[in-house]
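Each chain, written out:
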Amino acid sequence: MSLNEKEKLILETIRENPFIAQLELANVIGLSRSATANLISGLVRKDYLLGKAYVLNDEEPIICIGGANIDRRYLVKDTLIQGTSNNVQSRTNVGGVARNVAENLGRLEEKVMLFSVAGNDAEWKMIESHSEHFMNIKAVDTIEGCPTGTFMEVIDENGEMVLGLAEVDIFDKMTPDWINKHLSVLKRSKYIIIDLNCPKETTEFLTSFAVKYDVPIVLLTVSVQKLSNLPSYLDGIKMLITKTNETEAHFNMTIKTDEDLINAVKKWLNNGKGPEHVFVSKGSTKIAYGSQKDGIHIFNYSSEQNDHYNWGMNEAFCAGLVFNRLQGESLSESIKVGLTNAYHTSQSLYVVRPNLSKNQLQNEYNGCLVDKVFYK
């Protein structure tokens, strides 16, 4: 849409000072405050400005939609004994699957926006102060009277979760009506990455939206319980990233062997009625990949890899994969970059490793521990 001289001047002024007050902006362009407000509203409708604050809509960000919460983990020091107290080491981290993906991508210097909801409380302040360095959080809405999402898990001496507790009712507020406020920026996004903290009606809305506007959409599962938020139809999804335990629950199957993994991927692909690309991770040792076009592959991290900390791995994998694809690299190479990021995340106590950067990931990939060990 063409712009008149006053509209062009507004955009130039906001570009120089995004925090300019509306009255000051009116004085600069020589119009009344009400006339200036009308012009700004027109620029929002034309998608030149985002509707919240004066955010210029001239970027194509990656949009991450879903959980932003506080993670509390208790690592049992010795053999876990049921029915009594156990000595633990505790950690509190900023987490949430969508937020974790966004931080990984932000550390890789991608422009990322997080869409989520949080309470107006100390937990959100902790998330905000950490996350704002890596992503745009202007689309996170605070809701009075609802606590910010929290997740607690107990980890045994083998690195396995033996108990998980989640207080995440606030994520039910991420409705299609809530998403509707952000359609202009969603249309311009390079990728839409969502997690299953979003209600089913929202994941279905976003899938249809992404298909309509030809935006690749990535869907990450978050837990067995949240599988109920899967869209009824998955064929509009570019990539699905999930875990073996969630896949076992969804298809009522057991995954022990590589052949089981292959069958699981086939079930997700559903003879072309499923996602275009499917990834099923098994702990911190391997991941199965499949598509109708490329067949099914199983990637191992390393024969020397110990099953260590599994948290944050799928988010790290997703970020590395998307990042490398945006550099124009092949899917096979991008999978290996994602797995490299996931592997090194598994060696850290953090859900997003603090040493992640573009140079760090490139150096790690040059000494890649990933090996494609099976093809069918």
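Here the largest pocket defines a volume of roughly 1200 Å³. Lining the largest pocket are 43 residues, with Met161, Val222, Lys243, Asn245 and Glu246 positioned closest to its centre. For the lining of the largest pocket, the secondary-structure elements that each account for two or more residues are β2 (69–76), α4 (97–107), β6 (150–155), β7 (161–167), β10 (239–243), α9 (244–251), β11 (277–282) and α11 (313–326). Tallied by class, residues from the lining of the largest pocket come to 16 nonpolar, 16 polar and 11 charged.

So, about the pattern of salt bridges. Counted under the stated rule, the structure contains 12 salt bridges. When the shortest N-O distance is used, the salt bridge between Lys190 and Glu110 registers 3.2 Å. Taken together, the residues Lys190 in the loop between α7 (183–187) and β8 (191–195) and Glu110 in the loop between α4 and β4 (112–119) connect sequence positions 80 residues apart. Judged by relative accessible area, which is 27%, Lys190 ranks as partly exposed. With a shortest N-O distance of 2.8 Å, Asp258 and Lys286 are connected by a salt bridge. Note that Asp258 is positioned in helix α10 (residues 258–269) and Lys286 in strand β12 (residues 286–291), a separation of 28 residues in sequence.

We now examine unusual backbone geometry. Phi at Asp214 is positive, roughly 55°, even though this residue is not glycine. The exposure class assigned to Asp214 is exposed, which follows from its relative accessible area of 69%.

A few words now on helix α13 (residues 358–366). Buried within α13 are the following residues: Leu361, Glu364 and Tyr365. Looking down the long axis of α13, one finds its buried residues gathered within 100° of arc, a one-sided arrangement. In α13, those exposed residues whose orientation departs by more than 90 degrees from the buried face are Asn359, Asn363 and Asn366. Buried residues along α13 sit in contact with α11 and α12 (331–346).

Glancing now at the packing of aromatic side chains. Applying the stated criterion across every chain yields a total of 5 aromatic pairs. Seen from their ring centres, Phe209 and Tyr213 are 4.7 Å apart, and the 40° between their planes marks the pair as tilted. Looking at Tyr213, the relative accessible area reads 32%, which means it is partly exposed. Through pairs of rings, three or more aromatic residues link up here, namely Phe205, Phe209 and Tyr213. Of note, Arg91 hangs over the ring of Tyr350, and the distance from its end group to the ring centre comes to 4.7 Å.

Let's shift gears to the pairing of strand β13 (residues 295–300). In terms of burial, β13 is largely enclosed, as 5 of its 6 residues are buried. Sheet analysis places β12 next to β13, joined by 6 bridges and oriented antiparallel. Across the sheet, the residue bridging to Ser291 is Gly295, located in β13. Here β12 folds back onto β13 in antiparallel fashion, the turn holding 3 residues.

In this section: helix α3 (residues 33–45). Over its 13 residues, α3 runs 18 Å from end to end, which matches the ideal 18 Å to within 8%, given 1.5 Å per residue. Those residues of α3 that sit buried are Thr36, Leu39, Ile40, Gly42 and Leu43. Projected down its long axis, α3 shows its buried positions confined to an angular sector of 155°, all on one face. In α3, the exposed residues that point more than 90 degrees away from the buried face are Ser34, Asn38 and Arg45. Summarising the contacts, the buried residues of α3 are in contact with α1 (5–16) and α2 (22–29). Asp47, located one to two residues past α3, shows a positive phi value of around 70°.

Inspection of the secondary structure assignment puts Trp268 in helix α10. For Trp268, a relative accessible area of 2% puts it in the buried group. Distance in space between the C-alpha atoms of Trp268 and Gln89 is 38 Å, their sequence separation being 179 residues.

Nonpolar side chains tend toward joint burial in soluble globular proteins. With 45 residues, the main nonpolar core has Cys64, Leu105, Ile193, Val218, Phe279, Phe317 and Ile335 as its most contacted residues. Contacts of Ile335, omitting those with residues within four sequence positions, involve Phe279, Tyr289, Phe299, Phe317 and Leu321. Ranked by size, the runner-up nonpolar core spans 42 residues in total, among them Ala139, Val185, Leu219 and Ile296.

Read from one edge to the other, the open sheet built from 4 strands follows the order β3-β2-β6-β7, with strand pairing classed as mixed. Each edge of the open sheet carries a strand with a single partner, namely β3 (88–95) and β7. Adjacent strand axes in the sheet meet at a mean angle of 15° when their direction is disregarded. Of the pairings in the sheet, the one linking β2 to β6 comprises 6 bridges and is parallel in character. Of the residues in β6, the one forming a bridge with Arg72 is Met152.

The rules behind the values
Residues numbered from 1 in each chain as written. Predicted model: local features only at pLDDT ≥ 70, side-chain atom pairs only at ≥ 80, totals over all residues. Heavy atoms only, no water. 1 Å grid on protein atoms, 1.4 Å probe; cavity = no way out; pocket = protein on both sides within 12 Å on 5 of 7 lines; lining within 4 Å. Points joined across faces, edges and corners; volume = space filled by probe spheres on them. Helix = DSSP H or I, 4+ residues; strand = E, 2+ residues; numbered from the N terminus. Nonpolar A, V, L, I, M, F, W, Y, C, P; charged D, E, K, R; others polar. Salt bridge = Lys/Arg side-chain N within 4 Å of Asp/Glu carboxyl O. Buried < 20%, exposed > 50% of the residue type's maximum accessible area, 1.4 Å probe, protein only. Arc of directions from axis to C-beta. Contact = heavy atoms within 4.5 Å. Phe/Tyr/Trp six-rings, centres within 6.5 Å; stacked < 30°, edge-to-face > 60°. Lys NZ or Arg CZ within 6 Å of the ring centre and 35° of its normal. Pairing = 2+ DSSP bridges. Expected span 1.5 Å × (residues − 1). Core = buried A, V, L, I, M, F, W, Y, C linked by side-chain atoms within 4.5 Å. Axes fitted to C-alpha atoms, helices over the stretch in contact; angles between N-to-C directions.

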